[in-house]
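# Report on the structure
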Amino acid sequence: MYFNRLWLRHTVNLIDYVSRQGNGRPAYTNLCHHLIKYRGEDVRMCEIDRDYIFGFVEYLRTASPEYVTYKARTTGRTLSAGTQLTYYNMLRSILNAAVRDSILESNPANKLSSKQKPHRCESNRTFLTIDEVKRLSDAKVSESDRVICEAFLFCCFCGLRYSDVSRLRWSQLHILSDGRYQLALVQKKTSKRLYLPLSENAMNCIPTGKEHCKDDLIFDLPPYWDINKAIDRWARNAGLDKHVTFHVSRHTFATMELSCGVDIYTVSKLLGHSSVNTTQIYAKVVDKAKREAVDKIPLIVHLV
């Protein structure tokens, strides 16, 4: 076993191994891009040590947001703290797989101290209020953008990601014994099965009037970057001054549910989160919004 591991460490190429683990998924393709920019293509597993990992973390701090699988974002910026953490966690997970495959004896990423690892900054997540969602639904849209707007509003009322709603087929929409509807799907990001009840608001956003078979897509959507351009036009037509992307719909669903009194554990399940800790950020967003709301009342009473 020792000699087999030694041989694998000196022959297995890191980029090739990452690509195989990613199986064509865009995030892994982008990770490979940054690993190549950091140290080149010809890196063997025997070269992956604590210094390599620490150097990659340092590289990510100043790396620009370049993406291979879709159009580049605004130039002149660096990767966000959240993106840095995502790439680090992906690499760490891949090295864990290398340990399981008897390529590495241990994961060198585990040798970094807490201070040396990337950390996610507290983010101000953009979301829409119920009134803003209504303004969007009332705004005029072109026929070519209609399916995009329908999908966005649908996700405002069910919380699906673009990666899931863009693959959603009619066969995944089920009617229950009480006459209500439910989606059954496997989330692309987590590979976990999700059973999602749909409200009347969500059902009203589903396209109607066209014949379809069970294997047809419910929302036949264009690529993500084209979607965000359409949503930006739509938001401006509705008089919104927020930067609205498709993922804002998921944030909107979470904050609306919490604002309406739904407990955080239920919201976590609806969003398909593995841990309620991930959902906690939305509770903080709602608390901040409540604080800002009460602070808008001008000072009236002066007690002496």
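This report concerns the structure included in the present document.

About the thresholds
Residues numbered from 1 in each chain as written. Predicted model: local features only at pLDDT ≥ 70, side-chain atom pairs only at ≥ 80, totals over all residues. Heavy atoms only, no water. Helix = DSSP H or I, 4+ residues; strand = E, 2+ residues; numbered from the N terminus. Buried < 20%, exposed > 50% of the residue type's maximum accessible area, 1.4 Å probe, protein only. Contact = heavy atoms within 4.5 Å. Areas by Shrake-Rupley, 256 points an atom, 1.4 Å probe, with all protein chains shown as cover. Lys, Arg positive; Asp, Glu negative; His and termini not counted. Charge placed at Lys NZ, Arg CZ, Asp CG, Glu CD. Pairing = 2+ DSSP bridges. Axes fitted to C-alpha atoms, helices over the stretch in contact; angles between N-to-C directions. Patch = residues over 30% accessible without salt bridge, like charges linked within 9 Å, V, L, I, M, F, W, Y side chains within 5 Å. Salt bridge = Lys/Arg side-chain N within 4 Å of Asp/Glu carboxyl O. Phe/Tyr/Trp six-rings, centres within 6.5 Å; stacked < 30°, edge-to-face > 60°. Lys NZ or Arg CZ within 6 Å of the ring centre and 35° of its normal.

### Thoughts on the overall build of the chain
From N to C terminus, the chain includes 13 helices and three strands. C-alpha atoms of the chain, sized along the principal axes, occupy 70 × 70 × 40 Å. Expressed as a percentage of the 304 residues in the chain, the buried residues total 42%. Sequence separation of 24 or more characterises 64% of the internal contacts of the chain that already satisfy a separation of 6 or more. With an accessible surface of roughly 17700 Å², the chain has 51% of that area assigned to carbon and sulfur atoms. Taking the 44 positively charged and 32 negatively charged side chains of the chain as two groups, their mean positions are separated by 4 Å.

### Some points on the sheet that holds strand S1 (residues 173-175)
Pairing within the open sheet is antiparallel, and its three strands lie in the order S1-S2-S3. Each edge of the open sheet is held by one strand with a lone partner, namely S1 and strand S3 (193-198). Mean inter-strand twist for the sheet, computed between neighbouring axes without regard to direction, equals 30°. The pairing of S1 with strand S2 (residues 181-186) spans three bridges and is classified as antiparallel. Note on S2: the bridge partner recorded for Ile175 is Tyr181.

### A few points about a nonpolar patch on the surface
Together, Ile297, Ile300 and Val301 line one region of the surface with nonpolar side chains, adding up to about 340 Å² of accessible area. With respect to the element layout, Ile300 can be found in the segment after helix H13 (276-295).

### A word on the packing of aromatic side chains
Taken as a whole, this structure holds eight aromatic pairs when the rule is applied. Summarising the aromatic geometry, the rings of Tyr38 and Phe56 are spaced 5.6 Å apart at their centres and angled 55° between planes, so their arrangement reads as tilted. On the criterion of sequence distance, the pair formed by Tyr38 in helix H3 (residues 26-39) and Phe56 in helix H4 (residues 50-62) is long-range, its members being 18 residues apart. Since its relative accessible area comes to 16%, Tyr38 is described here as buried. Pairing Tyr162 with Phe246 gives two aromatic rings, centres 5.8 Å apart and planes at 80°, and the pair type is edge-to-face. In this pair, Tyr162 is assigned in helix H8 (residues 162-165) and Phe246 in the loop between helix H10 (224-237) and helix H11 (248-259), connecting sequence segments 84 residues apart. Residues Tyr162 and Phe246 agree in their burial class; the two are buried. Within the aromatic cluster, the residues linked to one another by ring pairs are Tyr38, Tyr52, Phe56 and Tyr59. Taking NZ or CZ as reference, Arg50 lies 5.7 Å from the ring centre of Phe54, over its face.

Take it as geometry only, folks, not as evidence of what the structure does.
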